[in-house]
Amino acid sequence: MPADTNPYGGVFGGWLMSQMALGAGSLASRVGQGKAVVVSATDFAFPGAMAVGDELSVYCDLAATGNTSLTVRAEAIARERNGEAETMVASGTFKFVLLDENDRPRAVDAATLSAND
């Protein structure tokens with residue numbers, strides 16, 4: 001939407017990052033089977049521009065696991081509104097920590113991870 005544009009009329013990179021965080025968080029919560037919160041976001045690149053009205057798709061995959069964390073890579077692909085042309089507009093990496101019912105870090109369940117491969 002126009003409120004999500006930068007001063008040059010393109011889609012604001014911060015909005016793209018937030019959409020990517022939502023997609024990555026969905027994957028982290030599903031794989032971790034519970035609450036997962038972002039603790040870092042790194043390696044962002046914005047190789048293409050997205051116009052207002054383009055359709056955005058976010059694709060995520062599990063890159064690594066730790067004792068209580070999941071690292072998710074995300075790519076954002078824009079498809080032009082009135083056509084089929086697609087452009088990668090952003091990529092980055094998010095690290096999530098899994099939390100228990102008391103909002104304390106909890107261990108990643110290896111059995112859950114293998115079931116999601």
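Just so you know, these numbers come straight off a predicted model, no measurement behind them.

Per the stated rule, a full pass over the model turns up three aromatic pairs. Here the aromatic rings of phenylalanine 44 and phenylalanine 94 are separated by 5.4 Å at their centres, their planes lie at 80°, and the arrangement is edge-to-face. Of this pair, phenylalanine 44 sits in strand 1 (residues 36-45) while phenylalanine 94 sits in strand 4 (residues 86-98), placing them 50 residues apart in sequence. Residue phenylalanine 44 is classed as partly exposed on the basis of its relative accessible area, which comes to 22%. Overall, the relative accessible area of 3% leaves phenylalanine 94 in the buried class. Here the aromatic rings of phenylalanine 94 and phenylalanine 96 are separated by 6.4 Å at their centres, their planes lie at 40°, and the arrangement is tilted. Here phenylalanine 94 matches phenylalanine 96 in class, with each residue buried. Pairwise contacts between aromatic rings join Phe44, Phe46, Phe94 and Phe96 into one cluster.

Let's shift gears to the pattern of salt bridges. Under the defined criterion, the tally for this structure stands at three salt bridges. Here arginine 79 and glutamate 55 are joined by a salt bridge, their closest N and O atoms 2.8 Å apart. In this pair, arginine 79 sits in strand 3 (residues 69-79) while glutamate 55 sits in strand 2 (residues 55-65), placing the two residues 24 residues apart along the sequence. The residue arginine 73 makes a salt bridge to aspartate 61 at a minimum N-O spacing of 2.6 Å. Here the residue arginine 73 occupies a position in strand 3, and aspartate 61 occupies one in strand 2, the gap between them amounting to twelve residues. For aspartate 61, a relative accessible area of 32% translates into the label partly exposed.

Calculation notes
- Residues numbered from 1 in each chain as written.
- Predicted model: local features only at pLDDT ≥ 70, side-chain atom pairs only at ≥ 80, totals over all residues.
- Heavy atoms only, no water.
- Phe/Tyr/Trp six-rings, centres within 6.5 Å; stacked < 30°, edge-to-face > 60°.
- Helix = DSSP H or I, 4+ residues; strand = E, 2+ residues; numbered from the N terminus.
- Buried < 20%, exposed > 50% of the residue type's maximum accessible area, 1.4 Å probe, protein only.
- Salt bridge = Lys/Arg side-chain N within 4 Å of Asp/Glu carboxyl O.

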